[in-house]
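Spelled out, the chains give:
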Amino acid sequence: MSAHSHILGRRSQSVWTPSLIELLSERPTTHHIMADSAAAPAADGEEPKISKRAAEKAAKKLAAKAKKETFQAEQPKKPTGNQPVDPNASFKQGWLRGVYNEKPTSEVHTRFPPEPNGFLHIGHAKAITVNFGFARAYGGICNLRFDDTNPAKEEEKYFTSIQDMIHWLGFHPHTITYSSDNFDKLYELAEEMIKKDKAYMCYCSPAEVLARRGGKRGEGGARTVCEHWSQPTDKSLEEFRAMRDGKYAQGEAHLRMKMFLGTKPEEYEIEEGDSPEVKRVKAKLKGSADNPAMWDVAAYRIKKENYHHRTGNKWRIYPTYEFTHCICDSLEGITHSLCTVEFETLRPAYNWLLEQIEHKMEGSEEKGPMQREYGRLNVEGTILSKRRIQMLVQGCTVESKPAAAAPENAGPSEAVKEMNLEEEGEEDPEEEQVPTTVSGGRKIPPVVRDWDDPRLFTLVAIRRRGVPPGALKKFVLDLGVTKAVADTKLHMLDATIRTYLERTVPRLMLVLDPIKVIIENLPDDYLEERDVPFDPKDVEKGTHKIPFTKVIYIDRDDFREVDDPDFFRLAPGKSVGLLHATHPLRAKSFTKDSSGKVNEIVAEYGEHLPAGKARIHWVGESKAHDSPLKAEARIFNPLFQNPRPNELDWKAGGYYDNINPDSEVIYPNTMIECGFEEIRKRAPWPKEEGEAEGDTGNYSVRFQGLRTAFFCLDKDATADKIVLNRIVSLKEDTGKK
Ligand SMILES: [Zn+2]
């Protein structure tokens, strides 16, 4: 194929670009040239007067350049040093830019609204980053709102932990609010809704409510309203007050919004002769009538366990998510209410309620909050369900057959329950209860230490494992924020963390599983003190001194009892280079302990030895340097053998049989060089996000163990005992041993 036909074939793509035109001619470029004259740039006597040969040559040059760029783009990104990056850039483009452009207010106000009934997980990292980041990018503010309308499940530790995590990620709520701050106002609005005949008291059982909604997933009969739908508003008001004052028990009554359950098909069937305006209205009505979120969902229900941490015993009735969320958004002055796509079908209900209470104008985003939905973060292999994590943390007793479904509370629509109200990223299958004390059932012990076990994907666990907050945010933003679900895999998360740590943390030598090496040809008091940089690519990290002495320790993996021509490290009679040392090392002999493990190698050192093909890491023994430091290192691997553990049997305990026996491998005799103490003192590594503002803990003591892995100090470490977590390996684990 000639270069010319190459141009023809691709002219509308990357080759025939404005830059090519510029290369060919000094004349200003026009779209006309780009679009039409590529095939014959010299024709017509009109546009660029250049030879065909010059055009071909230039095109070739550009094609080569484009190819190179494509190649480079496909390569894993190399660390690029500490170039300043606009932290707001991701929010000023793409889908998020579009959301802003829909409502380009000068006072952007967002919120992050978790329920304070559990620990945040990796999915929430996206919700936090999107809401806080969006506000910051457009000069606005973001509130942290505790959506505390379910008194039974709330605990102080969750409130604290949620705030900690937001701060650790480098964000600062403008104000911390509570849905419960608005309980009086919400109640008032509920009465207003009744008076407007937009809400009614209903005494139907959950089964009756479901049946009248057309059964589960529409498999029942026709949708109909119950007899309570048409009771007089003053009767509803009286009974609502009675419900507030304790007349009914949980499940006996609830307040429902009068939405579109009562809409009959003839009201929206389009007839011949309907004007375009009537057609539009009918189409909108049909949309609402067909949306389960609009089938008269509950506004208030009774809670038997009614003690609330902020309002005490004041209320027996509590507002639902559907009633609370949009109103709180509006009362707080939220301009952009960003949530995940699971909430998209709830958007009409969100707007409908705000319109009824005149906090919003129909069909307009000018007044009141604007809800928009992005795809949630979905990382394959992560267990995010609170109940499942609880089973892993506490253990459980399971029945041999699945437990009976728990009775439902009257109220929230099926659609809402199916998508789960736990706001972000939750995958709890409906009605799956933590099996607890079932007599004769199978007892399953706890699998992990706690909610912050580094094998979990709660944010506390991710932090404990040593993942820097900046890496987590980068992971979220690199996947992009759009309407599509950001589906990814764990190795992608690890890759982001690895690249991030590569350029931000110091390096040390650490020997996971040490073997003592006695260097025979050195005097007992031999000492070479080496000045070693913490990061050869970044002088600013400084240097530290390490001792090279007669006794050093190397990693068991770096030694073989029997040499092999394909093995380039230490073996009897074979030389190997030593990182940060002058000369090679050669093994002469070795001894084994009673269990048959090599426990000591006798070696020689010096320039007379042949240089080895590889260089290995080591740690020298020197009392004066307090070297080596001893540590316990914990290496983490996936908790389950199945890469999709959510598909396991969680009801009858099958999940337990799939636990990866190597999910945590402990090296109790790990040795670290003495530079570690300085690293520990100078933490956080890196100094960024919340950690730059003093939000530090052992997790911020991070380093790269040369040739081994990235590590951080675990919270189990004490002044006397170093405990390390492997954050990630240095290279992607291909599964080969
Ligand atoms: Zn009813």
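Above: the structure in question.
Keep in mind that what you see is a predicted model, and the values were worked out from it rather than measured.

Colleague: It is not clear to me how helix α18 (residues 469-478) should be interpreted in this structure. Could you clarify?
Modeller: Those residues of α18 lying buried are Pro469, Ala471, Leu472, Lys473, Phe475 and Val476. Along its buried surface, α18 packs onto α6 (122-137), α7 (156-168), β10 (377-380), α17 (459-465) and α19 (490-502). Phi turns positive, to about 85 degrees, at Gly480, one or two residues after α18.

Colleague: Even after reading the chapter, I still don't get unusual backbone geometry, so can you show me in this structure?
Modeller: Where the residue is not glycine, phi is negative for most of them; where a peptide bond is considered, it is trans in most cases. Residue Pro628 is reached from Ser627 by a cis peptide bond, and omega for that bond is 0 degrees. Assignment of secondary structure puts Pro628 in the loop between β24 (619-620) and β25 (629-636). The omega torsion across Ala683 and Pro684 is 10 degrees, close enough to zero to call that bond cis. Here Pro684 is to be found in the loop between α21 (675-682) and β27 (702-705). In this model, Glu358 sits at a positive phi of 60 degrees, which is unusual for a non-glycine residue. Tracing the backbone shows Glu358 in the loop between α14 (347-356) and β9 (370-374). Of note in this structure, Glu689 is not a glycine but carries a positive phi near 50 degrees. With respect to the secondary-structure elements, Glu689 resides in the loop between α21 and β27.

Colleague: How do you make sense of the pairing of strand β16 (residues 514-519) when you look at a structure like this?
Modeller: Bridge count between β16 and strand β19 (residues 551-555): five bridges; the pairing is antiparallel. Residue pairing in the sheet places Ile515 in a bridge with Ile554 of β19. Taken together, the four bridges between β16 and strand β22 (residues 598-605) define a ladder with parallel strand orientation. The partner of Lys516 across the bridge, within β22, is Glu600.

Colleague: How should I be thinking about the nonpolar core in this particular structure?
Modeller: Across soluble globular proteins, nonpolar side chains have a tendency to be buried as a group. Among the nonpolar cores identified, the biggest contains 145 residues, and Ala190, Met259, Ala299, Ala349, Tyr553, Ile554 and Trp618 are the most heavily contacted of them. Take this core: its biggest share by element is eight residues, from α6. Taken domain by domain, this core gets at least three of its residues from each of domain 2 (183-320) and domain 3 (515-623). Sequence-distant contacts of Trp618, that is, excluding residues within four places in its chain, are made with Met509, Val511, Ile552, Tyr553, Ile554 and Leu578.

Colleague: Just checking my understanding: could you explain the pairing of β25 for this structure?
Modeller: Looking along a regular strand, one sees the side chains alternate between the two faces of the sheet. Summarising the sheet, β25 and strand β26 (residues 664-672) pair through seven bridges and their orientation is antiparallel. By the bridge assignment, Phe636 is partnered in β26 with Glu664. Pairing of β25 with strand β29 (residues 722-729), which is carried by four bridges, proceeds in the parallel orientation. Opposite Ala633, over in β29, you have Leu724 as the bridge partner.

Colleague: Would you mind showing me how to read the sheet that holds strand β15 (residues 510-511) here?
Modeller: Paired through their backbone hydrogen bonds, the strands of a sheet run either parallel or antiparallel. The strand order β14-β27-β28-β29-β25-β26-β15 describes an open sheet built from seven strands, whose pairing is mixed. Of all the strands in the sheet, just β14 (507-508) and β15 have a single pairing partner and so form its edges. Pairing between β15 and β26: two bridges, direction antiparallel. By the bridge assignment for β26, Val511 is matched with Met671.

Colleague: Is there a simple way to explain the sheet that holds β19 in this structure?
Modeller: The seven strands lie next to each other as β23-β20-β21-β22-β16-β19-β24, forming an open sheet whose pairing is mixed. Among the strands making up the open sheet, the edge pair consists of β23 (615-616) and β24. Bridge analysis of strand β20 (residues 575-578) against β23 gives two bridges, and the strand direction is parallel. Within the sheet, the bridge partner assigned to Gly577 lies in β23 and is Arg615.

Colleague: Is there a simple way to explain the packing of α18 against α19 in this structure?
Modeller: Packed helix pairs are characterised by how far apart their axes lie and by the angle those axes make with each other. At their nearest, the axes of α18 and α19 sit 9 Å apart, and the two run at 130 degrees to each other. In terms of axis orientation, α18 runs oblique to α19. Along this stretch, α18 crosses α19, giving a crossing that reads as right-handed. From α18, Gly470, Ala471, Lys474, Phe475 and Asp478 reach across to α19, where they touch Leu493, Thr496, Ile497 and Tyr500.

Colleague: What is the right way to read the packing of α6 against α18 from this model?
Modeller: Here α6 crosses α18 at 80 degrees, and the two axes come no closer than 10 Å. The angle between α6 and α18 places the two elements in the roughly perpendicular class. Judged by residue contacts, Ala125, Lys126 and Thr129 of α6 engage Leu472, Lys473, Val476 and Leu477 from α18. The class makeup of the residues in the contact of α6 with α18 is four nonpolar, one polar and two charged.

Rules behind the numbers
Residues numbered from 1 in each chain as written. Predicted model: local features only at pLDDT ≥ 70, side-chain atom pairs only at ≥ 80, totals over all residues. Buried ≥ 20, exposed ≤ 12 C-beta atoms within 10 Å, placed from the backbone. Helix = DSSP H or I, 4+ residues; strand = E, 2+ residues; numbered from the N terminus. Contact = placed C-beta atoms within 7 Å. Pairing = 2+ DSSP bridges. Core = buried A, V, L, I, M, F, W, Y, C linked by C-beta atoms within 7 Å. Domains from an automatic or database assignment. Axes fitted to C-alpha atoms, helices over the stretch in contact; angles between N-to-C directions. Parallel < 35°, antiparallel > 145°, perpendicular 65-115°, else oblique. Left-handed = near helix turned anticlockwise from the far one by under 90°. Nonpolar A, V, L, I, M, F, W, Y, C, P; charged D, E, K, R; others polar.

By themselves, these observations are geometric and do not establish any function.
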